[in-house]
Amino acid sequence: MLYTRALIPTVKEAPADAANASHKLLVRAGYIRKVGAGMYDYLPLGLRVLKNIEAVVREEMNRSGAQEILMPALLPAEYFKETGRWDLYGATLFRLEDRKGGEFHLGPTHEEIVTDIARREIKSFRDMPTNLYQIQSKYRDEPRPRGGLLRCREFLMKDAYSFDVSEDAAKASYETMRQTYCRIFDRLGLTYRLVAADPGAIGGSTSAEFQVLADSGEDAIVACDTCDYAANVEIATVKAPPATDEAEAAEDKAKVHTPKVGSIEDVSRFLKKPKEKFLKSLVYLAGKELVLAIVRGDHDVNEIRLARALGVDEVFMAADADVQKATGAAVGFAGPVGFKGKVVVDRAAAAVKNAVTGANETDHHFTGVSRGRDWDGDVADIRLATDGDGCAVCGEAGREGKLKTYRGIEGGHIFILGTKYSEAMGATYSDDKMEKQPIVMGCYGIGVSRLVATTIEQHHDADGIRWPMSIAPYKVHLVSIGKDEPVLAAARKLYDELVAAGVDVLWDDRDERPGVKFKDADLLGMPLRVTIGAKALANGNVELKPRTESDPKKAELVPVADVARVLVERVRAAKTA
RNA sequence: CGGGGCGUAGCGCAGCCUGGUAGCGCACCUGGUUCGGGACCAGGGAGUCGGAGGUUCAAAUCCUCUCGCCCCGACCA
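Since this is a predicted model, take the numbers as computed values, not measurements.

Reading the values: the criteria
Residues numbered from 1 in each chain as written. Chains lettered and ligands numbered in written order. Predicted model: local features only at pLDDT ≥ 70, side-chain atom pairs only at ≥ 80, totals over all residues. Heavy atoms only, no water. Domains from an automatic or database assignment. Pairing = 2+ DSSP bridges. Helix = DSSP H or I, 4+ residues; strand = E, 2+ residues; numbered from the N terminus. Axes fitted to C-alpha atoms, helices over the stretch in contact; angles between N-to-C directions. Contact = heavy atoms within 4.5 Å. Phe/Tyr/Trp six-rings, centres within 6.5 Å; stacked < 30°, edge-to-face > 60°. Buried < 20%, exposed > 50% of the residue type's maximum accessible area, 1.4 Å probe, protein only. Lys NZ or Arg CZ within 6 Å of the ring centre and 35° of its normal. Core = buried A, V, L, I, M, F, W, Y, C linked by side-chain atoms within 4.5 Å.

Turning to the domain arrangement of chain A, a few remarks are in order. Once the domains are mapped, chain A shows domain 1 (52-213 + 406-454), domain 2 (254-380) and domain 3 (474-576). Between the C-alpha centres of domain 2 and domain 3 the distance comes to 66 Å.

A few words on the sheet that holds strand 15 (residues 289-296). Across the sheet, which stays open at both edges, the 5 strands sit in the order 16-14-15-17-20 with mixed pairing between neighbours. Each having just a single partner strand, strand 16 (315-317) and strand 20 (378-380) make up the two edges of the open sheet. Across this sheet, the average inter-strand angle for adjacent strands is 35°, counted without regard to direction. Contacting strand 14 (279-286), strand 15, strand 16, strand 17 (342-346) and strand 20, helix 8 (residues 303-310) runs over the sheet at an angle of about 125° to strand 16.

With that settled, consider the packing of aromatic side chains. Enumeration according to the criterion identifies 8 aromatic pairs in this entry. Between Y31 and W467, the aromatic rings sit 5.7 Å apart at their centres with planes inclined by 50°, giving tilted as the arrangement. Here Y31, found in the loop between helix 1 (21-28) and strand 1 (32-36), pairs with W467, found in the loop between strand 26 (464-465) and strand 27 (476-480); they are 436 residues apart in sequence, far enough to count as distant. The exposure classification of Y31 matches that of W467, with both residues buried. Relative to Y192, the ring of F185 lies with its centre 5.5 Å away and its plane at 50°, an arrangement referred to as tilted. Through a chain of ring-to-ring contacts, the aromatic side chains of Y181, F185, Y192 and F210 assemble into a single cluster. Here the guanidinium or amino end of R48 rests over the ring plane of Y474, the centre of that ring lying 4.1 Å away.

Once that is clear, we can look at the nonpolar core. Counting residues in each nonpolar core, the largest one holds 60 residues, and the members touching the most others are Y31, I53, F185, W467 and L524. Mapped onto the domain boundaries, this core takes at least three residues apiece from domain 1 (52-213 + 406-454) and domain 3 (474-576). If sequence neighbours within four positions are ignored, W467 has contacts with Y31, V49, V452, T455, I456, A472, P473, L524, G525, M526 and P527.

Have a look at this one:
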């Protein structure tokens, strides 16, 4: 492509509403433009990247034996009503009516629709295993679109669905997808972690997220420094704490006046006791029941684990008025001693002896509190993992792994769904004894458009984008300096040779000063830059510099006669690496 | 949904408090000089001041309503 013929509207200043590096760079480099909140135009370069990612995903999905289909984005309400998700999805669903008042919505995901295909077309055990996927726009009315392409209301997703005769067979399909995803993320040049995750609203038993590591990521994950345990902090577990220290003599319980000091921080300072000696008491609403959750003063509650311990879908922090009703005290003075409702206590908090806790009386705390004597509750693992915690997995095997925290962007998510959808929608097959069985399903998503931004979050510097070869919109950025005829002739010849060799090349043939061209080249981020200038060319050379080399003086001199061959080789080598 | 902020030229912003000719930088167009890391000089075009209503002789500016957008939180395959 000739730069003078291309629509590449670079700008010096990023729009004020861009917060992430990827958002700023995509706009500045002319890859995307905003149409509305969470809606973007893909300009020519942006679309090329999107298509390149799509191609990698499609190749690997096909290689795994999956078959591509395309389902509608516009859907009648009846399918989601069959499984109850018409109501469950709530405000996230984009709903609309047709001219006759019929109810429709835009697909946020397609389990129901693909299950409908399955129940009609998959009739025998001989029809499985099978895996159907599509690459399609998804629609979700997100509470808050943000981060440019990272969280959109319309976004491109690859969603795949596996159909198997049994849970074991489904596990094999799941494993195939796990390996396929690893190949995809590797080819895209991303550094990622496979982490255990909460299946959330999709449902299902086994699930794992492909978290692309980036400081700007929305998700917090923990990974063991010794074994391969990694999990979203939402569900991460930690090594059980040592049992109560029996050597510590039991104190008597005493009530102390703590006027206007309710937070752990303040009471700790006021009473000069470490936070580890506190029982942090939080009132949660679980269904209709008010429950007291107890964690150690220096820990935080993991609400997803708490909900699981209680056997409910989710829990909510109780409103201040409810807290006062339940404890008889102002917020900040709740405690388990004398609490009338259900109490759930984290393992670490359960082990604290001579604890400090709220007295359920405004402006008062108890000290010297002991579990068993003064209060009790159901012990469970309900705290949030943090940096430095012991790893539960290798810790129990006697090793000393420590958890480290990372930020990640969810690039993919794989699930075993079981029979949730097939049973709700009557998707059954006949087994070899002519008996009807529910199909066992799995589903597998990759946020294709999100990966455009995610890649930049991981691959950029102060000057611009640094595309991995596999998805770069052009592999070679050819810069001709000045208007000397020998320079232009050499550039034209190289350009033609690269095009003939099938190498995607962008030739900056504009009548611009060198500085402008170099700045734009860095911003756009093509992996290889070739500069043809009069001085080097007089000696028969051109300059070759990878985008990852930031020092322009380290450009490599390559004889003009060899450069086409060298470039073709490097592009091929980088693609297969 | 709770808290905060912003809508003025394509982009980034000033002007608003204290009402009175709508400005600056970048980008764009013309001419000239310049030419290896976002040049310079001169000239030029471009804005229903998000929208509606109100107060006023007079509204970008004050008041009311409304729409959109961003940030933090909540929420979120």
